[in-house]
Amino acid sequence: MLVLVGYLIVLGSVFGGFAIAGGHLAALLQPVELLMIGGAAVGAFFVGNNGKAIRSTLKALPTALKGSKYTKALYMELMTLLFEILTKVRKEGLMSIEGDIDKPEESPIFSKYPGILSDHHIIEFMTDYLRLMVSGNMDAFQIENLMDNEIETHHSEGEIPVHTVARMGDAMPAFGIVAAVMGVVHTMESVGLPPQELGILIAHALVGTFLGILLAYGFVGPLSSVLEQKLHESSKMFQCVKVTLLASLNGYAPALAIEFGRKVLFSTERPSFMELEEHIKQSKSK
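Since the model is a prediction, treat every value here as computed from it, not as a measurement.

### Details of the packing of helix α8 (residues 140-188) against helix α9 (residues 195-249)
Move 1: Where α8 meets α9, the closest approach of the two axes is 7 Å, and the angle between their N-to-C directions is 175 degrees. As summarised for this structure, α8 and α9 are arranged roughly antiparallel, according to the angle between their axes.
Move 2: Of the residues contributing to the contact of α8 with α9, the split by class is 31 nonpolar, 16 polar and five charged.

Here you go:
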């Protein structure tokens, strides 16, 4: 929603200011210039990226128009789930959660937290490392190193759409110049026309440069920033799971382990100690 609001502000400010200054909006309506700039940008996008990057970018773009799902409520759900799993491990031993982590969708514990269960990436991350803990063949340092590498891989994959969209935005001013040059060429081959008509052709050519810059910095460039922010938010959930599981592996009680995880969250979404404790108590009473 904020993306659409921002776009409306950009359009209103630029075109509204032009109209207030006495400009004719019809002069800016140049579909051919848009075809040149947009078509060239899309073509360069396909040339400069492999199939994986293209699919990843096309999949990520719609998420820029959606609000963040990483809310305080979701994090409390995550930490309550971790608390319940670690409490079961502490009371019944690591082998007691083997069935839960092998088929989380059928687990009575995981099924209580649909918001987390619907995110297969975080579920896979969590169950994989719980499975390693059950195996008992790795120490905390080895698991931490493996977690860091996996989170880095997740972050690198998530940066692909960010970079492809940013590069497309960076190229658009240049494609705007290309469109403007094509307009100037058309003007020069029409030098026999009256000055009034030549002026119109020159104005049309200059619109190409204007549109290239506007699309780059007003529309495409900001999308890469939104995607980057969403990537950082998604990585924070993995870090929360990592810190909590490592604290448990190092012998801390479940209540202290989830406190470790709570402290790594962004302050805007981090629940207070009392909020989380109350949420866990409510979950127990269900």
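### Focus on the confidence of the model for the protein chain
Move 1: Taken residue by residue, the protein chain gives an average pLDDT of 89. The fraction at 70 or more is 99%.
Move 2: Between the elements of the protein chain, mean pLDDT differs from a low of 83, seen in helix α11 (residues 273-285), to a high of 93, seen in helix α3 (residues 51-60).

### A word on the packing of aromatic side chains
Move 1: Scanning the entire structure with this criterion turns up six aromatic pairs.
Move 2: Taking the centre distance of 4.6 Å and the plane angle of 35 degrees together, the rings of Y7 and F219 count as tilted. One end of the pair, Y7, is in helix α1 (residues 2-20); the other, F219, is in helix α9, and 212 residues separate them in sequence.
Move 3: Owing to a relative accessible area of 16%, F219 belongs among the buried residues under this scheme.
Move 4: Ring pairing ties together the aromatic residues F125, Y129 and F238, which thus form one cluster.

### Section: α9
Move 1: Counted at 1.5 Å a residue, the expected span for α9 with its 55 residues is 81 Å, and the 81 Å between its end C-alpha atoms agrees.
Move 2: Along α9, the sharpest kink reaches roughly 40 degrees, centred on A216.

The rules we used
Residues numbered from 1 in each chain as written. Predicted model: local features only at pLDDT ≥ 70, side-chain atom pairs only at ≥ 80, totals over all residues. Heavy atoms only, no water. Axes fitted to C-alpha atoms, helices over the stretch in contact; angles between N-to-C directions. Helix = DSSP H or I, 4+ residues; strand = E, 2+ residues; numbered from the N terminus. Parallel < 35°, antiparallel > 145°, perpendicular 65-115°, else oblique. Nonpolar A, V, L, I, M, F, W, Y, C, P; charged D, E, K, R; others polar. pLDDT = per-residue confidence, 0-100. Phe/Tyr/Trp six-rings, centres within 6.5 Å; stacked < 30°, edge-to-face > 60°. Buried < 20%, exposed > 50% of the residue type's maximum accessible area, 1.4 Å probe, protein only. Expected span 1.5 Å × (residues − 1). Bend = angle between axes of the 7 residues up to and from the residue.

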